[in-house]
Amino acid sequence: MAAWRLRRSGAVALAASSAVAAVAFAASSASASDPSAAALDAARQRVARHGAAPPPRDAQRAALAGSTPEDPLDVLVVGGGATGCGAALDASTRGLRVGLVEREDFSSGTSSRSTKLIHGGVRYLEKAVFNLDYGQLKLVFHALKERKQVIENAPHLCHALPCMTPCFNWFEVVYYWFGLKFYDLVAGRRLLHLSRYYSVDESVELFPTLAKNAHDRSLRGTVVYYDGQMNDSRLNVGLACTAAVVGAAVLNYAEVVSLIKDKSGERIIGARIRDTLSGKEFETFAKVVINAAGPFCDSVRKMANSNVTPMICPSSGVHIVLPDYYSPEGMGLIVPKTKDGRVVFMLPWLGRTVAGTTDSSTAITMLPEPHEDEIQFILDAISDYLNVQVRRSDVLSAWSGIRPLAMDPSAKSTESISRDHVVFEDYPGLITITGGKWTTYRSMAEDAVNAAVRSGNLKPANGCVTDSLHIVGGYGWDPASFTVLAQNYKRMKKTYGGKVIPGAMDSAVSKHLSHAYGTLAEQVASIAQNEGLGKRLAHAYPFLEAEVAYCARHEYCESAVDFVARRCRLAFLDTDAAGRALPRIVEILASEHKWDKARKKAELQKGREFLETFKSSKNAQFSDGKHNGR
């Protein structure tokens, strides 16, 4: 046993040291006269370090509260979504002193409720061509560049996904083939894979549930192209942890109560913040505040000036999750135009099928819920293209996300809502960044930090380096990394009688851990093996009890909802299974965070109320097999 442990730890250390050695070699070859190269190499070494973990929450809070008017932070970011965490990472790798506060949890809003696609925007390309709109074309070029970068910087959380477009006449075959070949051409060297046409028989072989005949139409073939797919909230949490590892003070459950102005009232110099876990308030001072609050950015702007012109035009995207048999593993289905002109997609994701549609107008709420007619629209739309019965009772989870489409307050006309992002300083010291999409979060963050540098006359040590920086868990990872877990670790599980019994770290669990945590997965496996936390949290899902403990210790997981919705994705994959797992999740978090009985009871209640906003078939009302709405 001792020899086996030595071999195992040797293999782990060798893999980790190889990644660090590769980074160190790059550092030695970097030009000393290039500060950006040196900064990138320094950041890589910190992120690639074996067991890289962010500082504890108390230390982060102290760092924020320790700033003063005489010794302020350079940048304070408000908002812990993709753009906010990206901005904190960008600014900290430029050598700036950075803080970030998020009212709830990292990725608790829009960034965890996306389509899970990293896409260049093929619809924008169509508009660019037919409307001769160069602005739309630039948007596609930009998104395709960033698409490739996101996948490379988080290889364990992102991958290329083929997407099939069905064609029901020969004109559609030619139209989509040429259009998607042009998409390939625009991508250039950032191309993921070439698009191609498949015959009817080939298409059905690749996508068995695709209907050959539907509504007096006959399939003429399909065109398959490639975009990227991600685990969105885990990528967002990874960005927050990476920013913390390289020096940013990031704090979730920290609400901005008010903005602080200088004595003349002419410039924002910080914010008053309430730690919602303790109820205590403190002040954080910064030379510039970046407002990256997504749909809520107008609320932050009004703290500086109650008369500001609103920027946000919120739209909602509704998604449903269906069993895996609706779509094959590794192939998505995208219908560019349904009967009412909307786009509908059906994509494999984490062993299930995500289906959804494009945006529709909505109101801004903290917990948006999908309307039953929207769920039914998606079910009806995909049933037009499938040869299987599409049932409301198959919906495992349904959710809605708010996308902050933006209007530029400085624009002369507000008729056109921008699909691109907007960076704006309408009060000195307060930079607002909003709009855009997940794919371009990194360049949005870069633009926001550039604006902050200009506004505060900051002196960064170097320029932006995030285009070449992996997030934590990314260095040294490859698709075969899961085999180290499968071969070298056991899942030790406590029975109801308290006895600990061994179990196999099977391929499903190993692959899940490897893709969710990258090279840090071995820390989770170690907890599962050494602390008796190797049981699965829910039947038929690979999530382990050990993940709850790991996320509480190293990923700022402060509540049961944090875990079930954003550290693992069980709430999104299967709402009912998440409900059954809640009590055990609360027990483990209570042990990690030293909760009393009242807090445990409150966490369980909050978790159940949160899951009620996900409209699975259990959370809907039926009568005689027909849905009545809710």
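Residues numbered from 1 in each chain as written. Predicted model: local features only at pLDDT ≥ 70, side-chain atom pairs only at ≥ 80, totals over all residues. Heavy atoms only, no water.

Peer 1: Help me out: how do you make sense of unusual backbone geometry in this one?
Peer 2: Negative phi is the rule for most residues except glycine; trans is the rule for most peptide bonds. Its identity is not glycine, yet Leu350 carries a phi of approximately 50°, on the positive side. Among the structural elements, Leu350 can be located in the loop between β15 (344–349) and β16 (352–357). Unlike most non-glycine residues, Ala540 shows phi in positive territory, near 75°. With respect to the helices and strands, Ala540 occurs in the loop between α15 (521–530) and α16 (545–554). (Helix = DSSP H or I, 4+ residues; strand = E, 2+ residues; numbered from the N terminus.)

Peer 1: What is the right way to read the pattern of salt bridges from this model?
Peer 2: Pairing between side chains of opposite charge can happen when their charged atoms approach one another. Across all of its chains, the model carries 33 salt bridges by this definition. Among the ionic pairs, Asp227 bridges to Arg147, the shortest N-O distance being 2.7 Å. Within this pair, whereas Asp227 is found in strand β8 (residues 221–230), its partner Arg147 is found in helix α6 (residues 134–153), the two being separated by 80 residues in sequence. With respect to burial, Asp227 and Arg147 carry one shared label: buried. The partner of Glu555 in a salt bridge is Arg234, with the nearest N and O atoms 2.7 Å apart. One end of the pair, Glu555, is in the loop between α16 and α17 (560–567); the other, Arg234, is in helix α9 (residues 232–245), with 321 residues separating them in the sequence. The exposure class of Arg234 is buried, given its relative accessible area of 4%. Linked by salt bridges that have partners in common, Glu255, Arg272, Arg274, Glu281 and Glu283 make up one network. (Salt bridge = Lys/Arg side-chain N within 4 Å of Asp/Glu carboxyl O. Buried < 20%, exposed > 50% of the residue type's maximum accessible area, 1.4 Å probe, protein only.)

Peer 1: Before we go on, may I ask you to explain the pairing of strand β22 (residues 500–504) in this structure?
Peer 2: Here is the key point about a regular strand: its side chains alternate between the two faces of the sheet. Alignment of strand β21 (residues 490–494) against β22, held across five bridges, turns out to be antiparallel. Its bridge partner being in β22, Lys490 is matched across the sheet by Ala504. What sits between β21 and β22 in their antiparallel hairpin is a turn of five residues, with Gly498 showing a positive phi close to 90°. (Pairing = 2+ DSSP bridges.)

Peer 1: Just checking my understanding: could you explain the confidence of the model for the protein for this structure?
Peer 2: If pLDDT is low for a region, its predicted coordinates should not be looked at in detail. Of the residues in the protein, 90% reach a pLDDT of 70 or more, and the chain-wide mean stands at 89. Low confidence marks residues 412–416, where pLDDT is under 50. Its contacts with residues over four positions away, or in another chain, come to one contact. Of the regions scoring below 50 in pLDDT, residues 622–630 engages in 18 contacts with residues more than four places distant in sequence or in other chains. (pLDDT = per-residue confidence, 0-100. Contact = heavy atoms within 4.5 Å.)

Peer 1: Help me out: how do you make sense of the packing of aromatic side chains in this one?
Peer 2: The geometry of an aromatic ring pair is captured by two quantities: the separation of the ring centres and the angle between the planes. The full count for this structure, using the stated rule, is 13 aromatic pairs. An angle of 50° between the planes, with centres 5.9 Å apart, marks the rings of Phe168 and Tyr385 as tilted. Remark: Tyr385 occurs in the loop between α11 (372–383) and β18 (397–406) and Phe168 occurs in the loop between β4 (158–167) and α7 (170–187); sequence separation between them is 217 residues. As far as burial versus exposure is concerned, Phe168 and Tyr385 are alike and both buried. Pairing Trp438 with Tyr441 gives two aromatic rings, centres 5.5 Å apart and planes at 75°, and the pair type is edge-to-face. Residue class for Trp438 comes out buried when judged on its relative accessible area of 11%. Through successive ring pairs, a cluster of aromatic residues spans Trp399, Phe572, Phe610 and Phe614. (Phe/Tyr/Trp six-rings, centres within 6.5 Å; stacked < 30°, edge-to-face > 60°.)

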